[in-house]
Amino acid sequence: MPKQKQKTVSGAKKRFAITGSGKIKRKHAYKSHILTKKSKKRKRNLTYSGLVHDTNEKQVKEMLLMK
């Protein structure tokens, strides 16, 4: 029987993007609801995307099959 192909984690496909330099881009959490108690500055800073930290980069690359 042939071996089954490895599949990317579909949740990771939706959440991460690869930049031109090979870093992994992500969105900030905590901006979907209960926004009344959060300050304007906090909400504004959550709007912009960030990068995945070096300590988590290996795990995310495995989920996206970028070994």
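About the criteria used
- Residues numbered from 1 in each chain as written.
- Predicted model: local features only at pLDDT ≥ 70, side-chain atom pairs only at ≥ 80, totals over all residues.
- Heavy atoms only, no water.
- Helix = DSSP H or I, 4+ residues; strand = E, 2+ residues; numbered from the N terminus.
- Buried < 20%, exposed > 50% of the residue type's maximum accessible area, 1.4 Å probe, protein only.
- Contact = heavy atoms within 4.5 Å.
- Areas by Shrake-Rupley, 256 points an atom, 1.4 Å probe, with all protein chains shown as cover.
- Salt bridge = Lys/Arg side-chain N within 4 Å of Asp/Glu carboxyl O.
- 1 Å grid on protein atoms, 1.4 Å probe; cavity = no way out; pocket = protein on both sides within 12 Å on 5 of 7 lines; lining within 4 Å.
- Points joined across faces, edges and corners; volume = space filled by probe spheres on them.
- Pairing = 2+ DSSP bridges.

(A) Region of the structure containing the overall build of the protein chain. Of the regular secondary structure elements, the protein chain holds three helices and three strands. Secondary structure elements of the protein chain occur, N-terminal to C-terminal, as α-β-β-α-β-α. Viewed in the frame of its principal axes, the protein chain has a C-alpha envelope of about 55 × 25 × 20 Å. Within the span of the protein chain, comprising 67 residues, buried residues form 13% of the whole. A separation of at least 24 residues holds for 55% of the contacts in the protein chain among residues at least 6 apart in sequence. Per element, the accessible surface of the protein chain, about 6200 Å² overall, is 53% carbon and sulfur.

(B) Region of interest: the pattern of salt bridges. Applying the stated rule across the entire model yields one salt bridge. Taking the shortest distance from any N to any O, the salt bridge between Lys61 and Glu57 comes out at 3.7 Å. Of the two residues, Lys61 and Glu57 both sit in helix 3 (residues 54–63), four residues apart, roughly one turn of that helix.

(C) Representation of the layout of surface pockets. In this structure, the largest pocket spans a volume of roughly 210 Å³. Lining the largest pocket we find Lys14, Arg15, Phe16, Ala17, Lys25, Arg26, Lys27 and Ser49. Looking at the lining of the largest pocket, the elements that each hand over two or more residues are helix 1 (10–15) and strand 2 (24–26).

(D) Molecular detail of the sheet that holds strand 2. Reading across the sheet, the three strands line up as 1-2-3 and stay open at both edges, with antiparallel pairing between neighbours. Each edge of the open sheet is held by one strand with a lone partner, namely strand 1 (17–18) and strand 3 (50–51). Sheet analysis places strand 2 next to strand 3, joined by two bridges and oriented antiparallel. In the sheet register, Lys25 faces strand 3, and the bridge partner there is Leu51.

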